[in-house]
Amino acid sequence: MNVYDSARMAELLAPLGYEASDSPDNADLVLFNTCHIRENASEKLYSELGRIKPAKAEARNHGPMVVVAGCVAQAAGEEIFRRAPQVDIILGPQTYHRLPELVSASERTRMTTSRPSKTPGMIDIAFPDEPKFDALPAPKNEGPTAFLSIQEGCDKFCAFCVVPYTRGAEFSRPVASVLAEAKLLVAQGAKDIMLLGQNVNAYHGEAQTGQEWGLGRLIRALADDVEGLERIRYTTSHPRDMDEDLIAAHGEVPALMPFLHLPVQSGDDGVLKAMNRGHSRDDYRLLVEKLRKACPDLVLSSDFIAGHPGENDRAHENTLKLIADIGFAQAFSFKYSPRPGTPAAAHDDQIPEETKNKRLFEIQALLKDQQAAHYAACLGKSYPVLFERKGRYEGQLIGRTPHYFPVHVSAAESLMGQSAMVQIASVGTASLGGVLQHDPQSTSPTDPVHFDSPLATETLQERPSC
Ligand code: SAH
Ligand code: SF4
């Protein structure tokens, strides 16, 4: 979501003459789009701000203009000015469409103020009534994959989570606006669209008939109406919002890819209750059964929290058991991080750091084995791979299978943005290696494949934002 928002902010600033710089050292404006989901993510802001401080001579109006946007801006507000007086503008996730106004006002102040250090910073962290999407410019996307934000905010209030406080109440974009944006993205070359939302399957957008559509119906309309859209994915979904129509869509819509990120967080009923997740471990199992019945080829991904307040050894064992029973193709796992203002942070029974570390390690070891098993099962099989970018090595392209597994292939650059059948010839820790089928120029399946190591960070490491 932050990647999507950052791209929109860059587009908003373009008419003012700003374009992306290769380094903050050369920039006239530095914008931090921040994440507040865990403590590590929010603390990063202050260490990064510290790095640009020397250039800024500690005062506003010197050096680059500094903007802090996103969920830390929303949660910390004026406190950021106190901790980092070099910041010029603070802007929440629901008000970033106002970025051009604030930047222009700040530019004017810079030109007219003789006492820079006294210039007040500007802040807008409201939750406006008018949806920001109506005020955003048309997106410009490069390459065959694109993000499309269709839903924002959350009304579920899980005990550990800050999202309802930083992103606000659930909002779904109207169907027509989603379809129009998807058509535009496809016209620009997108073939694989990831529909985004903090709780994307809580989508209930208004159609032109005045009816509310769920995500299943929206996906069917995207598949039917958007010519050239080959692959549809969505993230992040909540188990409670997987309705029958969406489950059925997994079996009925060929463009809906057989990969689903469906976070369960814990495999213990007591912890799930303490988390206020609103479902049990067996509800999750049953849901996975239904999904696999609808789409036998489906692979699953999840999020796990190790050491939520009140989690005892037995609860942790229950999580390991659920992981073992379900079998995940990939997952993100995190140590519980107390977030200010959330009920879990005030819970008496906080878990010691070393216990959280140990439990996280065990969860990750199991998930790593499961990912390796999923990758190994691909050996010798062929998949349509959509090539997304160049690899690190000459003549190498990286693409993804329908299951979202990254594959390295020796292939001509002309295949970039295209799909081709690839036979999987080797397995790395975080990606696959393959050879093009029916290509006389291609390496043989026994030739070594070079893996591009950065992909290793995409799987079991901390996810950069929610
Ligand atoms: N809406 C999604 C999750 C969005 S937040 C859902 O309900 O599943 C993304 C992930 O961050 C969560 O799934 C959770 O695993 C993790 N997370 C959120 N708050 C956290 C916290 N306080 N400590 C550790 N991990 C957290
Ligand atoms: Fe909402 Fe997901 Fe956060 Fe729960 S974890 S409050 S469902 S965003």
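As the structure is a computational prediction, the values presented were derived from the model and not from experiment.

## Points about the site of ligand 2
In step 1: For ligand 2, the full set of nearby residues is Cys154, Lys156, Phe157, Cys158, Phe160, Cys161, Val163, Pro164, Asn199, His238 and Arg277.
In step 2: Looking at the shell around ligand 2, its residues break down into seven nonpolar, two polar and two charged.

## Things to note about helix H13 (residues 353-376)
In step 1: Compared with an ideal rise of 1.5 Å per residue, which puts 24 residues at 34 Å, H13 spans 34 Å between its outermost C-alpha atoms and is within 8% of the ideal.
In step 2: Among the residues of H13, Lys356, Arg359, Leu360, Ile363, Leu367, Gln370, Gln371 and Tyr375 are the ones counted as buried.
In step 3: On its buried face, H13 is in contact with strand S13 (299-306), helix H12 (313-326), strand S14 (330-335), strand S17 (406-410), strand S18 (419-427) and strand S19 (432-436).

## Some remarks on the site of ligand 1
In step 1: Gln198, Gln265, Arg277, Asp303 and Ser337 are the nearest of the 19 residues found near ligand 1.
In step 2: Phe160 is positioned such that a nitrogen or oxygen atom in its backbone is 3.0 Å from a nitrogen atom of ligand 1.
In step 3: Within the contact set of ligand 1, an oxygen atom lies 2.5 Å away from a side-chain nitrogen or oxygen of Asp303.
In step 4: Contact with the protein chains covers 96% of the free accessible surface of ligand 1, which is 550 Å².

## Considerations on the domain arrangement of the protein chain
In step 1: By the assigned domains, the protein chain splits into domain 1 (2-124), domain 2 (132-376) and domain 3 (379-448).
In step 2: The centre of domain 2, based on its C-alpha atoms, is set 27 Å off from the matching centre of domain 3.
In step 3: Taken together, the 18 residues of domain 2 in the interface contact 22 residues of domain 3.
In step 4: With both sides pooled, the region where domain 2 packs onto domain 3 buries about 1,500 Å², and carbon together with sulfur makes up 60% of that total.
In step 5: Contact with domain 3 buries surface across domain 2, with Pro144, Arg231 and Tyr375 losing the most and accounting together for 42% of the total.
In step 6: Here domain 2 and domain 3 share zero salt bridges between them.
In step 7: Our count for the domain 2 to domain 3 interface comes out at ten residue pairs in polar contact (both at pLDDT 80 or more).
In step 8: Elements with a contribution of two residues or more to the side of domain 2 that touches domain 3: strand S8 (192-196), strand S11 (231-235) and H13.
In step 9: When residues of the side of domain 2 that touches domain 3 are assigned to their parent elements, the largest contribution, four residues, is made by H13.
In step 10: A class-by-class count of the residues in the side of domain 2 that touches domain 3 yields nine nonpolar, three polar and six charged.

Conventions adopted
Residues numbered from 1 in each chain as written. Chains lettered and ligands numbered in written order. Predicted model: local features only at pLDDT ≥ 70, side-chain atom pairs only at ≥ 80, totals over all residues. Heavy atoms only, no water. Near = heavy atom within 4 Å. Nonpolar A, V, L, I, M, F, W, Y, C, P; charged D, E, K, R; others polar. Helix = DSSP H or I, 4+ residues; strand = E, 2+ residues; numbered from the N terminus. Expected span 1.5 Å × (residues − 1). Buried < 20%, exposed > 50% of the residue type's maximum accessible area, 1.4 Å probe, protein only. Contact = heavy atoms within 4.5 Å. Polar contact = N/O pair within 3.5 Å; in protein donor to acceptor, adjacent residues only side chain to side chain. Areas by Shrake-Rupley, 256 points an atom, 1.4 Å probe, with all protein chains shown as cover. Domains from an automatic or database assignment. Buried area = accessible area lost by both parts, 1.4 Å probe. Salt bridge = Lys/Arg side-chain N within 4 Å of Asp/Glu carboxyl O.

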